[in-house]
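Inside the fold
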Amino acid sequence: MKTEAVEEVQRAEDLDALQQVRVKYLGKKGLVTQRLKTLGSLDPEERKIQGQAINALKQEIEDAIKKRRAELEAAELEASLARDRVDVTLPGYRLPTGGLHVLTQVINRLLEVFRTMGYEVVTGPELETDYYNFTALNFPAEHPARDTQDTFWTTDGRLLRTHTSPVQVRYMKHRKPPFKVVAPGRVFRNEAVDVTHEAQFHQLEALVVDTHITMADLRGAISTMATALFGDGIKTRLQPSYFPFVEPGAEFAIWWENPRTGKSEWLELGGCGMVHPNVFRAVGYEGFTGFAFGFGIERLALISYGIPDIRYFHQNDLRFLRQLRGGL
Ligand code: PHE
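Residues numbered from 1 in each chain as written. Predicted model: local features only at pLDDT ≥ 70, side-chain atom pairs only at ≥ 80, totals over all residues. Heavy atoms only, no water.

This part takes up helix H5 (residues 102-116). An ideal rise of 1.5 Å per residue puts 21 Å on 15 residues; H5 measures up with 21 Å between its terminal C-alpha atoms. The set of residues buried in H5 consists of Val102, Leu103, Gln105, Val106, Ile107, Leu110, Leu111, Val113 and Phe114. Phi for Gly118, located one or two positions after H5, is positive at around 90°. (Helix = DSSP H or I, 4+ residues; strand = E, 2+ residues; numbered from the N terminus. Expected span 1.5 Å × (residues − 1). Buried < 20%, exposed > 50% of the residue type's maximum accessible area, 1.4 Å probe, protein only.)

In structure tokens form, the structure reads like this:
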């Protein structure tokens, strides 16, 4: 029985077969187990001899099973390693990823500059009413900026905002000074499109209100922004101008060296001024002063990157986007 059993164990081709052999010999009704049960009927001397023999047999079968199990498990592991072989040193597949649009990069950079100066970032709707876009901003009823030439009107009498200044009014209606906010966003003008004009572009609006804000604070904010964007020693200039919602009003420009021509020149960036008393009146403020400024972001991006045509921003030509692609 011994050789037979050990041979059967060694012939077992897999773990299931091995288990069957074990049951056959060592299971509850197995051949060895049955023999052990017969011991009771033997006389003591004989029982001792037979008992030792059967136990030795049992031990030998168990050892053989153990050995065979180890062999089978090792073989199985080897087979599965061969089957699922993965070379972890191979480079992975490079998945195509997106990137940040150049305008988004410029906007993010601007917002970072203003956050550092303690400004909160706010937004407003692109579809506006005449009230927020014009009336509350002190535009006289017959002001040319309301002219249908500049403004896209919707059939229900609303409009696509022509600037980000309506965000000033929306913000002030629900907040009390002091505050410093910037509002980036898309604006729309019904204009002929050329290399420097698009019917939609972006602006950044800044508004600071407190009890003693002066023109000096406005100058400081603009020059701090210019320095943060273009480095130390950058010069800024304010020239008198008119916007209905500021008084006094100005246009601001920065003196910078054009990297393409190597020449320094004034670059008109946007409008600014002290918040007009009529605007404060429209939002129910009394006893405050403030400044506001706003400018076109495409303009800034064009000059920062030397982009020749404003229309590139919205054409989604991958050759353009890839050149100026920003990391996510
Ligand atoms: N909203 C003005 C424009 O679009 C710019 C501006 C903003 C001027 C704030 C003064 C103060 O031209």
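The next thing to look at is a negative patch on the surface. On the surface, Glu13, Asp14, Asp16, Glu73 and Glu76 cluster together into a patch of negative charge. With respect to the helices, strands and loops of the structure, Asp14 is situated in the loop between helix H1 (2-11) and helix H2 (15-26). The partly exposed category is assigned to Asp14, whose relative accessible area is 38%. (Patch = residues over 30% accessible without salt bridge, like charges linked within 9 Å, V, L, I, M, F, W, Y side chains within 5 Å. Areas by Shrake-Rupley, 256 points an atom, 1.4 Å probe, with all protein chains shown as cover. Salt bridge = Lys/Arg side-chain N within 4 Å of Asp/Glu carboxyl O. Lys, Arg positive; Asp, Glu negative; His and termini not counted. Charge placed at Lys NZ, Arg CZ, Asp CG, Glu CD.)

Along the polypeptide, Thr164 turns up in the loop between strand S3 (159-160) and helix H7 (166-174). A distance of 2.7 Å separates a polar atom in the side chain of Thr164 from a polar atom in the side chain of Glu205. Setting aside its immediate chain neighbours within four residues, Thr164 contacts Ala183, Pro184, Gly185, Val187, Gln203, Leu204 and Glu205. (Polar contact = N/O pair within 3.5 Å; in protein donor to acceptor, adjacent residues only side chain to side chain. Contact = heavy atoms within 4.5 Å.)

Note that the residue after Pro177, namely Pro178, is joined by a cis bond; omega there is 5°. Along the chain, the position of Pro178 falls in the loop between H7 and strand S4 (179-188). Cis geometry marks the peptide bond from Glu247 to Pro248; its omega dihedral reads -5°. One can find Pro248 in strand S7 (residues 246-257). Although it is not a glycine, Asn138 adopts a positive phi angle of roughly 70°.

For the rest of this paragraph, the subject is the pattern of salt bridges. Evaluated as defined, the whole model comprises 11 salt bridges. For Arg115, the salt bridge goes to Glu112, with nearest N and O atoms at 3.6 Å. Placement of the pair is Arg115 and Glu112 together in helix H5, with a separation of three residues, close to one helical turn. Under the relative-accessibility criterion, Glu112 is labelled partly exposed at 44%. Arg237 is the salt-bridge partner of Glu268, the closest N and O atoms lying 3.1 Å from each other. Taken as a pair, Glu268 in strand S8 (residues 264-275) and Arg237 in strand S6 (residues 235-241) lie far apart in primary sequence, 31 residues in all. For Glu268, a relative accessible area of 25% gives the class partly exposed.

Taken together, 13 residues lie around the ligand, and His163, Ser165, Arg189, Gln203 and Gly294 are the ones closest in. In the environment of the ligand, a nitrogen atom lies 2.9 Å from a nitrogen or oxygen atom belonging to the side chain of Ser165. Between the ligand and the protein, one listed contact pairs an oxygen atom with a side-chain N or O atom of Gln203 at 2.9 Å. Computed on the free molecule, the ligand has an accessible area of 330 Å², of which 91% lies beneath the protein chains in the complex. Taken together, the elements giving at least two residues each to the shell around the ligand come down to strand S5 (200-210), S8 and strand S9 (289-296). The biggest single contributor to the shell around the ligand is S9, with three residues. Its residues placed into classes, the shell around the ligand shows six nonpolar, five polar and two charged. (Near = heavy atom within 4 Å. Nonpolar A, V, L, I, M, F, W, Y, C, P; charged D, E, K, R; others polar.)

As a further point, take the nonpolar core. Leu110, Tyr119, Met225, Phe291, Phe293, Phe295 and Phe313 are the most contacted members of the largest nonpolar core, which has 43 residues in total. Every element with two or more residues in this core is listed here: H5, S5, helix H8 (215-230), S7, S8, S9 and helix H10 (297-305). Examining the composition of this core, we find that eight residues originate from one element, H5, more than from any other. Excluding residues within four positions of it along the chain, Met225 makes contact with Leu110, Val113, Phe114, Met117, Phe252, Leu269, Phe293 and Phe295. Core analysis: the second largest hydrophobic core is formed by 24 residues, Val167, Val169, Val246 and Val279 among them. (Core = buried A, V, L, I, M, F, W, Y, C linked by side-chain atoms within 4.5 Å.)

The sheet built from seven strands is open, its strands ordered S1-S4-S5-S9-S8-S7-S6 with mixed pairing. Of all strands in the sheet, those bounded by a partner on one side alone are strand S1 (120-121) and S6. Two strands pair when backbone bridges link them, and S5 and S9 are joined in this way by eight bridges, in the antiparallel orientation. Residue pairing for S9: Ala206 is matched across the bridge by Phe293. Packing against the sheet, H10 makes contact with S5, S7, S8 and S9, and its axis sits at approximately 55° to S9. (Pairing = 2+ DSSP bridges. Axes fitted to C-alpha atoms, helices over the stretch in contact; angles between N-to-C directions.)

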